[in-house]
Amino acid sequence: MSKAYLILADGSVFEGMAIGARGKTIGETVFTTGMTGYVETLTDPSYFGQIVTQTFPLIGNYGIEREDFESKRSFVSGYVVRELCEGPSNFRCQGDLDSFLKSQGIVGICGIDTRALTKKLRESGVMNGMILSEGESDRLCSEGQIQNFLEEIRAYKIENAVKSVQTIEAKDGIGETSPSNSSNFTFKYSICLLDFGAKANIQRELEKRGCKVTRVPYDCSAEKIIAMKPDGIMLSNGPGDPAENTGVIEEIRKLCEWNRETLRQGQEKGCAIPIFGICLGHQMLSLARGAKTCRLKYGHRGGNHPVKDLKSGRVYITSQNHGYAVESASLPDFARETFVNLNDGTCEGVEYTDIPAFSVQFHPEACGGPHDTNFLFDRFLEMVKNATE
């Protein structure tokens, strides 16, 4: 292995060994606490523009399994691990992690003190960083050159995140219907999945409950969605600052207002379309309804985040991946906070009293776990059932 360096915006330099593709990459340096699920992390579009640090010390021990991918490819900017396993062992293994990183063009680094890096990010907050390897790393020969790199690092900003992860090939301006759906099968419900960078397991969870899922692009209009006459609408996860997506937020607002007006006019209840939002979908639904969002110091990323159900008092362990949160105090009168994060008190869920809609900040579809809140898909489909029968 050749040398590689991770440079942070505050001037800190971590020396390690190069893994994955060689070269230079810049991104927001974040950490995730998951002990497993690195395949899902690497293929989650929500990590677009970020250099991902795994806090668990050994990564790659069970290799790469393509059936576990959350999207068609990886969108991370870089990858940081303490120790990379070069000899994975698992009956499902289809390749090693280093080869996968190379195939995806992901510049990575191993052999650094990820515990020290994580502590720095927890104290200082998320900061931009750069990974240099091989020829690029030779340029770190002088203090002056480091200063030039720092200017480049500090100037980096994630922009157009949702648009950048869009992979849907729209047909007639609509989208893609679940490829696993057979025309000979009778489905219970039709769900429109508004794709902001959707994890594949959201679609899988809906399909295994008997739903026909049509994924539509992030910029699909409210009018087109309503014209599809779906039984329910799913707002997916995705990357970046939710408030940046003003056009999408406006279309979600139109969907909510259409629901509200439909119910106000007393039309048959089947006309209202239940809405379920996850992560970025949760944030943008809240923004569409008049709430505000804020950026967290270092975000929530990992599979061990406790949230409390404010109605039952029960605590669930959840998987999370987000850098922004809904401000509880900004919620309108027709919204009720349903879940709260027990680590920092931030909003983890909202339900609306004027329309059939609710959302959560965490991931009930989490794969590989935890599965504590998977029941929320059943709650959504119960809402769909009540609206259509």
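J.: Account for the overall build of the protein chain, with residues named and values stated.
T.: If you tally the helices and strands in the protein chain, you get 10 helices and 19 strands. Computed over its C-alpha atoms, the radius of gyration of the protein chain comes to 21 Å, within 12% of the 21 Å expected for a compact globule of 389 residues. Counting only C-alpha atoms and orienting by the principal axes, one finds that the protein chain spans roughly 70 × 45 × 40 Å. Burial status across the protein chain gives 58% buried among its 389 residues. Taking the intrachain contacts of the protein chain between residues at least 6 apart in sequence as the baseline, contacts between residues at least 24 apart amount to 75%. Here the protein chain has roughly 16,300 Å² of accessible surface; of this, 46% comes from carbon and sulfur atoms.

J.: Could you give me a rundown of the pattern of salt bridges, with the residues and numbers involved?
T.: Scanning the model with the defined rule gives 19 salt bridges in all. With a shortest N-O distance of 2.5 Å, Arg336 and Glu351 are connected by a salt bridge. Taken as a pair, Arg336 in strand β17 (residues 335–341) and Glu351 in strand β18 (residues 347–352) lie far apart in primary sequence, 15 residues in all. Exposure remark for Arg336: the relative accessible area of 32% places this residue in the partly exposed category. Since its relative accessible area comes to 29%, Glu351 is described here as partly exposed. One salt-bridge network, in which partners are shared between bridges, spans Glu205, Lys208, Arg209 and Asp378.

J.: Can you tell me about the side chain of His363, naming the residues and giving the values?
T.: Along the chain, His363 turns up in the loop between β19 (357–360) and α10 (375–388). For His363, the residues in contact, after removing those within four places along its chain, are Lys199, Asn237, Ile278, Cys279, Ser319, Gln320, Asn321 and Thr373.

J.: So what about the sheet that holds strand β11 (residues 189–194)? Which residues, and what values?
T.: Judged by pairing direction, the sheet is mixed, and its 10 strands sit side by side in the order β10-β12-β11-β13-β14-β19-β18-β17-β15-β16 without closing on themselves. The open sheet has two edge strands with one neighbour each: β10 (176–177) and β16 (315–326). Where β11 meets strand β12 (residues 211–216), six bridges bridge the pair, whose relative direction is parallel. Within β12, the position partnered with Cys192 by the bridge is Thr214. Along the sheet, helix α6 (residues 200–207) makes contact with β11, β12, β13 (232–235) and β14 (275–278), crossing β12 at roughly 155°.

Quick notes on the rules
- Counting from 1, residues in each chain are numbered in the order their sequence is written.
- At least 70 in pLDDT is required for a residue's local features to be given in this predicted model, at least 80 for side-chain atom pairs to be given and counted, and no such filter applies to totals for whole chains, interfaces and linings, which use all residues.
- Computation of side-chain values: all heavy atoms of the structure, hydrogens and water removed.
- Put simply, DSSP marks the helices as runs of H or I at least four residues long and the strands as runs of E at least two long, and each gets a number from the N terminus on.
- Computation of the radius of gyration draws on C-alpha atoms alone. For the globule rule, the value is 2.2 Å times the number of residues to the power 0.38.
- Throughout this description, buried means an accessible area under 20% of the type-specific maximum (1.4 Å probe, protein chains only), exposed means over 50%, and partly exposed covers the range between.
- We call two residues in contact when some of their heavy atoms are within 4.5 Å.
- Using the Shrake-Rupley algorithm and a 1.4 Å probe, accessible areas are obtained, with residue cover drawn only from the displayed protein chains.
- Salt bridges are identified by distance alone: a Lys or Arg side-chain nitrogen within 4 Å of an Asp or Glu carboxyl oxygen.
- We treat two strands as partners when DSSP finds at least two bridges between them.
- To obtain an axis, a line is fitted to C-alpha atoms, over the contacting stretch when the element is a helix, and the angle between two such axes runs from 0 to 180 degrees between their N-to-C directions.

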